[in-house]
Amino acid sequence: MSKIFIVDDDPDILDILKMMLQIQGYQVQATTNATDVLAITDPKPDLVILDLWVSGNDGRDIFTQLRRLEHTKQIPVVFMSANSRLKEIAAEYAVDDFIEKPFDMAYMLDKINEVLTRSRKKNP
Amino acid sequence: MQAVPEKYEDILASNQDLRTRLEEAEGIIEAIRNGEVDAIIVKTNNEPELYTLKSADRTYRIFIEKMNDGAVSLNREGIIIYCNSSFSRMLNVPISDLLGMHFLNVIPAAHIDLISSLLDRSWDNDSKAEMAFPGKDKPVPVLLSISRLEIDGGQSLSIIITDLSFQKEAQQQRKSLDQKDEFIAIASHELKTPVTSIKGYVQLLRYHFNEEGNTRAEEMLGKADVQINKLSSLISELLDVKKIETGQLQYNLERFNLCTLVKEMVTELENFSNSHIINLKTHGDCMLYGDSNKISQVISNLIENAIKYSPPRSEIIVEVSEAGGKARCSVQDFGMGIPKDQQSRIFERFYRVTGPIENTFPGLGLGLYISAEIIKKHHGKLSVESEYGKGSTFTFELPF
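Reading the values: the criteria
Residues numbered from 1 in each chain as written. Chains lettered and ligands numbered in written order. Predicted model: local features only at pLDDT ≥ 70, side-chain atom pairs only at ≥ 80, totals over all residues. Helix = DSSP H or I, 4+ residues; strand = E, 2+ residues; numbered from the N terminus. Buried ≥ 20, exposed ≤ 12 C-beta atoms within 10 Å, placed from the backbone. Contact = placed C-beta atoms within 7 Å. Pairing = 2+ DSSP bridges. Axes fitted to C-alpha atoms, helices over the stretch in contact; angles between N-to-C directions. Left-handed = near helix turned anticlockwise from the far one by under 90°. Nonpolar A, V, L, I, M, F, W, Y, C, P; charged D, E, K, R; others polar. Core = buried A, V, L, I, M, F, W, Y, C linked by C-beta atoms within 7 Å. Domains from an automatic or database assignment. Parallel < 35°, antiparallel > 145°, perpendicular 65-115°, else oblique.

Draft legend 1. Looking closely at the overall build of chain A. Each helix and strand counted, chain A has four helices and seven strands in total. Along its sequence from the N terminus, chain A presents helices and strands in the succession β-α-β-β-β-β-α-β-α-β-α. Looking at chain A as a whole, 38% of its 124 residues are labelled buried. Of all intrachain contacts in chain A linking residues separated by at least 6 positions in sequence, the fraction that spans at least 24 positions is 55%.

In structure tokens form, the structure reads like this:
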């Protein structure tokens, strides 16, 4: 089953996402420390859910670094935020998708599934 | 002097020329007599010189008398030798009393030191200062602009007093709107985070109760989820206002069918609440180009308002039609209606209809403001017809 890495500085949100994704059978790794995602080792996650603002770290900078690093640049990234400009920011950075807070469980799971399917087609 | 003409034809031509000039001169004198000339420009060897006539002076005099700014001139001793009616109005003292008085004796005592030093300085350099004059009902904020004039060898100070009330009020309004907007941006973001947690846990609990077959608990949490969505949309409304004000509201344009959209919205609202009888009438096939999500936001706002302000089980008529190159959608209710004097204000931001019954309904006064802005951006118009106690009809028209 696919492995998902979540970065958000709100422990409750991490808890909720973890439970929701585990219900669907995903393997989940969650952290409140944005820089953890840059230390990703094998086996690599199939998807990263990245909050736009994580304890002083701008999710956009983390994303840019992920795209630069050789071993993480292929991993699909989904931005998540309560920021009203999320849609424009996601388009500007050409991330794989975005999830607006507050999110609906079914909607969020559909979105994750879509991104993973697209990514599998692109890199079989 | 012109050369003496030699031929008879030349004499005739010269005579004709002189006659023409004489007629022109008589014409000018006649025009001056009739008050049609304000000024004469005389060409000399150097610069052209301008001579004004009495009638022209009168025009300028009336202009200064009638202007909104106060105008005063002082002689070397600081005595008022002229002032207009605006100045007298600002101080609330008749002109006849002001003439001949020392300027420092007519201004508010609190400003005497400041103005005294300003007047001294103004003989050398132009100066400006802001202060408040007593006014008739309330203090008037004013700007004093003082400059030195030299007329016919004599010197005087001219003071123009500009009433700043209008600018100050506009500034104050802008400031309070800016503060509201800043508050909205922060509050919306901060409110969304806890709502995300609450919504997440409620949905997880629903899932688990459903798995366990506890339908009672699952239903209750379903109701909580509906309320959370309401709270979410209130926060979104606040954010939309912020976006409208800063021009950040994005429109995703596409072709869509208005009739289909309205049908979908009505079905969705009927699933959500069956407290009213919604009667849907559609005529034609209204294909439009616009942001269908935003238009559906307008439709649901109008129907939700109709539900909110009319008694349960009453009818709501939703009608879509085409006329004169426009698509038209109206939502009619048979509820409390809106008093005539408040109808023009209901599309204003934060405006809420006031009254003993109206005050008991919850809301921020943003829904209609946002709807009107969305329709305006689509080059359409949102309007209302309403009779107090009988009901309201909200109609929007969109060009094809």
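There is more to say after this.
Draft legend 2. Spotlight on the overall build of chain B. When helices and strands are counted, chain B shows 12 helices and 14 strands. Counting the 400 residues in chain B, one finds 23% classified as buried. Excluding contacts between residues fewer than 6 apart, the proportion of contacts in chain B whose partners are at least 24 apart in sequence is 54%.

Draft legend 3. Seen up close, the sheet that holds strand S7 (residues 154-163) of chain B. Residue and element names in this part refer to chain B. Taken in spatial order, the five strands make up an open sheet running S4-S3-S7-S6-S5, and their pairing is antiparallel. The open sheet is flanked by strand S4 (80-83) and strand S5 (127-133), the only strands paired with a single partner. Adjacent strand axes in the sheet meet at a mean angle of 25°, parallel and antiparallel pairs treated alike. Inspection of the sheet shows S5 paired to strand S6 (residues 140-151) by seven bridges, in the antiparallel sense. Paired with Lys-128 across the strands is Ser-145, a residue of S6.

Draft legend 4. Molecular detail of the environment of A:Ser2. Examined against the element boundaries, A:Ser2 turns out to sit in the segment before strand S1 (3-7). Aside from chain neighbours lying at most four places away, what touches A:Ser2 is A:Tyr26, A:Asp46, A:Leu47 and A:Leu116.

Draft legend 5. Representation of the packing of helix H10 (residues 292-308) of chain B against helix H12 (residues 367-377) of chain B. Residue and element names in this part refer to chain B. The geometry of H10 relative to H12 is characterised by a closest axis approach of 9 Å and an angle of 145° between their N-to-C directions. Classified by chirality, the crossing of H12 by H10 is left-handed. The segment H10 lies against H12, with Lys-294, Gln-297, Val-298, Asn-301, Leu-302 and Asn-305 engaging Gly-367, Ser-371, Ile-374 and Ile-375. In terms of residue class, the contact of H10 with H12 is made up of four nonpolar, five polar and one charged.

Draft legend 6. Structural view of the interface of chain B and chain A. On the side of chain A, 15 residues touch chain B, which itself brings 16 residues to the contact. Mapped onto the side of chain B that touches chain A, the elements with two or more residues apiece are helix H7 (165-212) and helix H8 (215-245) of chain B. For the side of chain B that touches chain A, the leading source of residues is H7(B), giving 12 residues. Partitioned by chemical class, the residues of the side of chain B that touches chain A number five nonpolar, eight polar and three charged.

Draft legend 7. Local environment of unusual backbone geometry. Note that the residue after A:Lys101, namely A:Pro102, is joined by a cis bond; omega there is -5°. One can find A:Pro102 in the loop between strand S7 (97-100) and helix H4 (105-122). Phi is positive for B:Asn92, which is not a glycine, with a value near 60°. Relative to the helices and strands, B:Asn92 resides in the loop between helix H3 (85-91) and helix H4 (95-98).

Draft legend 8. Summary view of the sheet that holds strand S12 (residues 326-333) of chain B. Residues and elements named next belong to chain B. Strand order in the open sheet made by the five strands is S9-S11-S12-S14-S13, with mixed pairing throughout. The open sheet has two edge strands, strand S9 (277-282) and strand S13 (381-387), and neither has a second partner. Along the sheet, successive strands turn relative to each other by an average axial angle of 15°, direction set aside. Each of strand S11 (315-323), S12 and strand S14 (391-399) touches H10; the most contacted strand, S12, lies at about 20° to it.

Draft legend 9. Fine view of the nonpolar core. All names here are of chain B. Ranked by size, the top nonpolar core spans 39 residues in total, and within it Leu-258, Val-262, Ile-299 and Ile-303 carry the most contacts. When contributions to this core are tallied by element, the ones reaching two or more residues are H8, helix H9 (258-272), H10, S11, S12, H12 and S14. Per-element accounting of this core gives the leading share, seven residues, to H10. Looking at which domains feed residues into this core, each of domain 3 (168-245) and domain 4 (254-399) gives three or more. The contact partners of Ile-299, leaving out residues within four places of it in the chain, are Leu-261, Val-262, Met-265 and Cys-329.

Draft legend 10. Fine view of the packing of H8(B) against H12(B). All names here are of chain B. Where H8 meets H12, the closest approach of the two axes is 10 Å, and the angle between their N-to-C directions is 45°. Classed by the angle they form, the pair H8 and H12 counts as oblique. Two packed elements cross with a definite hand, and for H8 against H12 that hand is left-handed. Of the residues in H12, those in contact with Glu-237, Asp-240, Val-241 and Ile-244 of H8 are Gly-367, Tyr-369, Ile-370 and Glu-373. Its residues assigned to classes, the contact of H8 with H12 shows four nonpolar, one polar and three charged.

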